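# Structural overview for review
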Amino acid sequence: MTPPHENPGLRVWVADDAAAAAAHVADVVARFVNETERPVLGLATGRTPLAVYAKLAERRAASAVSFQNAVSFNLDEYVGLDARSPHSFAAYMRRHFVDATDVFSGNVHVPNGRAQDLAGEARAYEARIKAAGGIGLQLLSIGANGHIGFNEPGTPFDARTHVATLAPETLHANRGDLPDPPPRQALTMGIATILEARAIVLLATGAAKAEAVRACLEGEPDVACPASALQGHPDVLVVLDRGAASLLTRG
Ligand code: F6R
């Protein structure tokens, strides 16, 4: 794998604060959507991208972007949660993307965490991505333990969409958004699935993500930090605020 400092396709942008970082990512997404005939987005949930969705909604309201031709595929969904559950990522996407922009709800795909045959749903999800032409731009955030999607530490880099067991620290970090008892598993795009996106933009904000960002960008690529797999991708933009960038040493 090419070390990050030798991979010209991996760029890092450090913004003054979290709001500026999210605005920059929203610009990248809006530009991709505006300039692509049939944009296929890979989308993330969680706290970090909320500000990106808010900016995209603002741009939509100002007619500066339209998602009418866009198709999207979310990274993951909790196993056992119905799409109608307010805790599901499907509900998150309805709140922050479908209801906030002009995207057609039928074009917003989230894995079905209630499928009887989860392995079959994982295969079907991969097939739907392929049939759409593959993901053009993948939006990612990063867990404090280095996960991307729900590919927790130890996940092989060649994993495709699969059922993952959530790490205790992930359950702890997400406890405020989860029902009681919380789901223990998720259906997630694999690292190999994520790496097939033609371009990737990863947003990380806050000092709590600084160690994961350092391991992602400056550590040896290793399954201990799933995000370090991105070092081998030819087109990755990492957008950080000062807190998330605080442990980087290479300038
Ligand atoms: C969400 C996802 C996760 C989150 C990560 C960071 O769809 O796949 O990898 O991006 O857990 O979450 P936040 O942004 O809440 O810190």
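Notes on the structure follow.

Conventions we followed
Residues numbered from 1 in each chain as written. Predicted model: local features only at pLDDT ≥ 70, side-chain atom pairs only at ≥ 80, totals over all residues. Heavy atoms only, no water. Helix = DSSP H or I, 4+ residues; strand = E, 2+ residues; numbered from the N terminus. Contact = heavy atoms within 4.5 Å. Near = heavy atom within 4 Å. Polar contact = N/O pair within 3.5 Å; in protein donor to acceptor, adjacent residues only side chain to side chain. 1 Å grid on protein atoms, 1.4 Å probe; cavity = no way out; pocket = protein on both sides within 12 Å on 5 of 7 lines; lining within 4 Å. Sits in = over half its atoms within 2 Å of the grid points. Nonpolar A, V, L, I, M, F, W, Y, C, P; charged D, E, K, R; others polar. Phe/Tyr/Trp six-rings, centres within 6.5 Å; stacked < 30°, edge-to-face > 60°. Buried < 20%, exposed > 50% of the residue type's maximum accessible area, 1.4 Å probe, protein only. Axes fitted to C-alpha atoms, helices over the stretch in contact; angles between N-to-C directions. Parallel < 35°, antiparallel > 145°, perpendicular 65-115°, else oblique. Left-handed = near helix turned anticlockwise from the far one by under 90°.

Moving on, we come to the environment of glycine 134. Within the secondary structure layout, glycine 134 lies in the loop between α4 (118-131) and β6 (137-140). Along the chain, glycine 134 and valine 40 lie 94 residues apart, while their C-alpha atoms are 7.0 Å from each other. In this structure, glycine 134 is in contact with Val40, Ile129 and Arg198, ignoring residues within four places of it in sequence.

Quick look at the site of the ligand now. Near the ligand, the surroundings consist of 14 residues, among which Thr48, Asp76, His147, Gly149 and Lys209 are the closest. Between an oxygen atom of the ligand and a main-chain N or O atom of arginine 47, the distance comes to 2.8 Å. Between the ligand and glycine 149, the relevant distance is 2.7 Å, taken from an oxygen atom to a main-chain nitrogen or oxygen of the residue. Structurally, the ligand is housed in the largest pocket. Per-class residue counts for the shell around the ligand are four nonpolar, seven polar and three charged.

Let us now look at the packing of aromatic side chains. Tallied over the entire structure, the rule returns seven aromatic pairs. Seen from their ring centres, tyrosine 53 and tyrosine 92 are 6.0 Å apart, and the 80° between their planes marks the pair as edge-to-face. With tyrosine 53 in helix α2 (residues 50-61) and tyrosine 92 in helix α3 (residues 89-98), this residue pair connects regions lying 39 residues apart in the sequence. We note that tyrosine 53, like tyrosine 92, is buried. Centroid distance phenylalanine 67 to phenylalanine 97: 5.2 Å. Interplanar angle 80°. Geometry classified as edge-to-face. Note that phenylalanine 67 is positioned in the loop between α2 and β3 (71-74) and phenylalanine 97 in helix α3, a separation of 30 residues in sequence.

This brings us to the packing of helix α1 (residues 18-35) against α2. Where α1 meets α2, the closest approach of the two axes is 8 Å, and the angle between their N-to-C directions is 55°. Looking at the two axes, α1 sits oblique to α2. Seen along the crossing, α1 lies across α2 with a hand that is right-handed. Mapping the contact onto sequence places Ala22, Ala23, Val25, Ala26, Asp27, Val29 and Ala30 in α1 and Ala51, Val52, Lys55, Leu56 and Arg59 in α2. Residue classes in the contact of α1 with α2 are distributed as nine nonpolar, no polar and three charged.

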